[in-house]
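Analysis of the macromolecular model
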Amino acid sequence: MMNKRKEWSMGQKRKPRFKQCRRFGVNLYGNPKALDRKVSERRRGKPSEYSQQLNEKQKVKAYYNIREKQMRRYYEDAFKREGTTSLHLFRSLESRLDNLVLRMHFASTIFQARQMVGHGHILVNGRRVDIPSYQVRPGDTISLKQASRSNEMFKANFQDNAGAAVPYVCVDENQFSGTYERLPERGEIPIDVEDQLVIEFYSR
């Protein structure tokens, strides 16, 4: 079982993360206090095209808590596929195990979700997977390890919010599990990002 104090300190570095939320004007982490203070607006004219593209790309990295090298790999893989690059990009990001742990409400933040996966609390099709970037496939079932179901924080996260899961997952509250039923459509993914600006950044 995870040490609760340690988990809180690792998952809730408030100042830099809340500052990032205020900078983007978007609540990236789901904390009601993230946007409490408004950033003072500085009149410096209209942002450049590059700065707008950079800003949107940084938002995506923050939403999924990934590094630049990972982000670029996701883009390059999406670009090679037939069809809409941005849709492939976001489907791959949504299919990350840590992200689906968040979407199914086993965790309350992406940081907590990554930590749960890394500490071995999460099973995929009954087998422990401790790689946050693991690509879950439609039809796969994600569940909380039996020994971890007594953790009050995990239990509260899941049982209190299971009804709010995204439409491409199906949650079973009694079994502490959820199934990734299908790849999402872009309009179903709950992130506020200008997709085209992200693609333009990487296609420069």
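Calculation notes
- Residues numbered from 1 in each chain as written.
- Predicted model: local features only at pLDDT ≥ 70, side-chain atom pairs only at ≥ 80, totals over all residues.
- Heavy atoms only, no water.
- Helix = DSSP H or I, 4+ residues; strand = E, 2+ residues; numbered from the N terminus.
- Buried < 20%, exposed > 50% of the residue type's maximum accessible area, 1.4 Å probe, protein only.
- Contact = heavy atoms within 4.5 Å.
- Areas by Shrake-Rupley, 256 points an atom, 1.4 Å probe, with all protein chains shown as cover.
- Salt bridge = Lys/Arg side-chain N within 4 Å of Asp/Glu carboxyl O.
- Axes fitted to C-alpha atoms, helices over the stretch in contact; angles between N-to-C directions.
- Parallel < 35°, antiparallel > 145°, perpendicular 65-115°, else oblique.
- Pairing = 2+ DSSP bridges.

Description of the overall build of the chain
On a plain count of helices and strands, the chain comes out with nine helices and five strands. Of the regular secondary structure in the chain, the N- to C-terminal order runs α-α-α-α-α-α-α-β-β-β-α-β-β-α. When each of the 204 residues of the chain is scored for burial, the buried share is 48%. In the chain, the proportion of contacts linking residues at least 24 apart, taken out of those at least 6 apart, comes to 59%. Of the roughly 11,800 Å² of accessible surface on the chain, 46% is carried by carbon and sulfur atoms.

Structural notes on the pattern of salt bridges
This model, assessed by the stated rule, comprises 12 salt bridges. In this structure, the salt-bridge partner of Glu 94 is Arg 103, at a minimum N-O distance of 2.8 Å. By relative accessible area, Glu 94 is classed as buried at 0%. The shortest N-O distance in the salt bridge between Asp 195 and Arg 186 comes to 2.7 Å. Overall, Arg 186 belongs to the buried group, its relative accessible area being 18%. Among the charged side chains, a salt-bridge network with shared partners connects Lys 57, Lys 61 and Glu 68.

As for helix H7 (residues 110-118)
Among the nine residues in H7, seven count as buried, and that is most of the element. Taken together, the buried positions of H7 are occupied by Ile 110, Phe 111, Gln 112, Ala 113, Gln 115, Met 116 and Val 117. Among the residues trailing H7, Gly 120 stands out with phi positive, at a value near 80°.

Notes on the packing of helix H3 (residues 49-64) against helix H9 (residues 195-202)
Viewed as axis vectors pointing N to C, H3 and H9 meet at an angle of 105°, and their least axial separation amounts to 8 Å. By the angle between their axes, H3 is roughly perpendicular relative to H9. Across the interface between the two elements, Tyr 50, Gln 52, Gln 53, Leu 54, Glu 56, Lys 57 and Val 60 of H3 pack against Leu 197, Val 198, Glu 200, Phe 201 and Tyr 202 of H9.

Side note on the pairing of strand E5 (residues 177-180)
Where strand E3 (residues 141-144) lies against E5, three bridges are found, and the strand directions are antiparallel. If you follow Thr 141 over to E5, its bridge partner there is Thr 179. Two elements, strand E4 (residues 169-172) and E5, share four bridges in a ladder whose sense is antiparallel. Looking across to E5, one finds that Val 169 is bridged to Tyr 180. Connecting E4 to the next strand, E5, in antiparallel fashion are four residues, including Phe 176 with a positive phi near 50°.

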